[in-house]
Amino acid sequence: MNNKNTHCDFCGKEIIEVKKIFSSEKAHICDECITMCSSVLEKEMLQQAKKEFQTGLNVPIKIKEHLDDYVIGQIEAKKVLAVALYNHYKRIDKPIHKNIELEKSNILLIGPTGSGKTLLAKSLAKIMDVPFAIADATALTEAGYVGEDVESILSRLLAAADFDIEKAKRGIVYIDEIDKIANKSESATSGRDVSGEGVQQGLLKILEGADVYVPVKGSRKNSSAETVLFDTTHVLFICGGAFVGLRKDEEKTKNIKMGFLTQEEKEKQAREIEAKELISFGLIPEFIGRIPVIAELNKLSKEDLIQVLTEPKNAITKQYEVLFELDGVNLEFNNEALEEIATIAYEKDVGARGLRGIIEKLMLPIQYEIPSKNDLDRCIITKEYIKKEKDVELIYKKSSATKTITKEMKYSDIEK
């Protein structure tokens, strides 16, 4: 038992100043010091684990295995990125070896919306000890026009490196929606194409490697803005885009075969995208020449979408399970429910990105009611609930009886 005169041997606080003091025969420690020590230990363990983890990521196979934890499918694209990152590390270590300069190979990711292009790039950021920045090509315009200059991309990278220019020079940039800067048709524009070919021309120098004056803060250069000379020679650029209609003529005539395919048929269906197709789409040859590595991502199948719901470390269902756990409730999605959600996403053609929107709509009325439910043990999401045929299944702790939320509670907010 602690008496009124007991004090913490670490911080000196009396028992009346803290919530609790733990005592042995000769020593005492308060709850605040225990919390502080626990926090320090946890931080050190995380730092050590991160250090060991990054040290182990020294070969493409390990990098690809890490990407597998976050992105479902897209095996070939992950291999391309793993090799690119591996070579990027080597290039940073030894840019010149035996009088041979190691040049970078920028990457172009092509795939439909929701196939994982951005997620692949973001997942790389989780394992890198180099600065990483994401930019959107749709916001870029040719220098001198309203919008962001191409140098703003490097400003983001510089900010990601805490304005350490030497560190930023070794970074990686992901430029999304790169297909949106393709040349517009003559009928769609008059005069200069300031957000199309003009941007492509502006990107050429930073993709290949050049000394560029970059504003330290802000997205546009002006006479009073502080700038710094940025050499992009060793900055790796990954570009991504959906390129809708790139193969529209082929898609109209192509017969998709079901069942087992011969190796020749597989190779035919998996034909690589050629440079001339990208030129026809609207990218200039000089731009394509500076992005030699092209990786194509496939549209996710229904089975892939089911895996996306459950398998990645940050899967949306796992996030909701944690949210419910914080309210003391166990959330379960049965297999049929997961299949129904994947079917909805597949039929709407929204890809993995659309899964969150579908689940958000389904879970909104439940999240509205659950916090006010007492002694609730489990909440089970079923196929019937998703199809609006039955109410959500709730199981309470005391009676172990199954109860449900009424349909009025379930759909009223959505219908409004």
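Predicted model only: the values in this text are computed from it and were never measured.

Student: Before we go on, may I ask you to explain the layout of surface pockets in this structure?
Tutor: Rolled over the atoms, a probe with the dimensions of a water molecule shows which regions are left empty. In this structure, the second largest pocket spans a volume of roughly 570 Å³. At the level of secondary structure, the elements contributing two or more residues to the lining of the second largest pocket comprise helix H4 (117-125), helix H13 (316-325) and helix H15 (353-369). When residues in the lining of the second largest pocket are grouped by element, the largest group, four residues, is from H4. Split into classes, the residues belonging to the lining of the second largest pocket amount to eleven nonpolar, six polar and four charged.

Student: Can you help me understand empty space enclosed by the protein in this one?
Tutor: In the structure shown here, the tally under the stated rule is one cavity of 30 Å³ or more. For the largest cavity, the calculated volume is near 30 Å³. As for the largest cavity, its lining consists of Leu 108, Leu 278, Leu 283, Phe 287, Ile 288, Ile 291 and Ile 294. In the lining of the largest cavity, the residues fall into seven nonpolar, no polar and no charged.

Student: Sorry, what's going on with the confidence of the model for the protein chain here?
Tutor: As a note on interpretation, predicted positions should not be read in detail where pLDDT is low. Scored by pLDDT, the protein chain has a mean of 79; 79% of the residues are at 70 or more. The element-level mean pLDDT for the protein chain is lowest in helix H9 (residues 263-269), coming to 43, with strand S12 (residues 330-333) highest at 93. Here residues 186-192 is a poorly scored stretch, pLDDT under 50, and it has three contacts once near neighbours within four places are set aside; other chains count. Below pLDDT 50 for its whole length, residues 249-269 participates in seven contacts with residues either more than four positions away or in separate chains.

So, how was this worked out
- Residues numbered from 1 in each chain as written.
- Predicted model: local features only at pLDDT ≥ 70, side-chain atom pairs only at ≥ 80, totals over all residues.
- Heavy atoms only, no water.
- 1 Å grid on protein atoms, 1.4 Å probe; cavity = no way out; pocket = protein on both sides within 12 Å on 5 of 7 lines; lining within 4 Å.
- Points joined across faces, edges and corners; volume = space filled by probe spheres on them.
- Helix = DSSP H or I, 4+ residues; strand = E, 2+ residues; numbered from the N terminus.
- Nonpolar A, V, L, I, M, F, W, Y, C, P; charged D, E, K, R; others polar.
- pLDDT = per-residue confidence, 0-100.
- Contact = heavy atoms within 4.5 Å.

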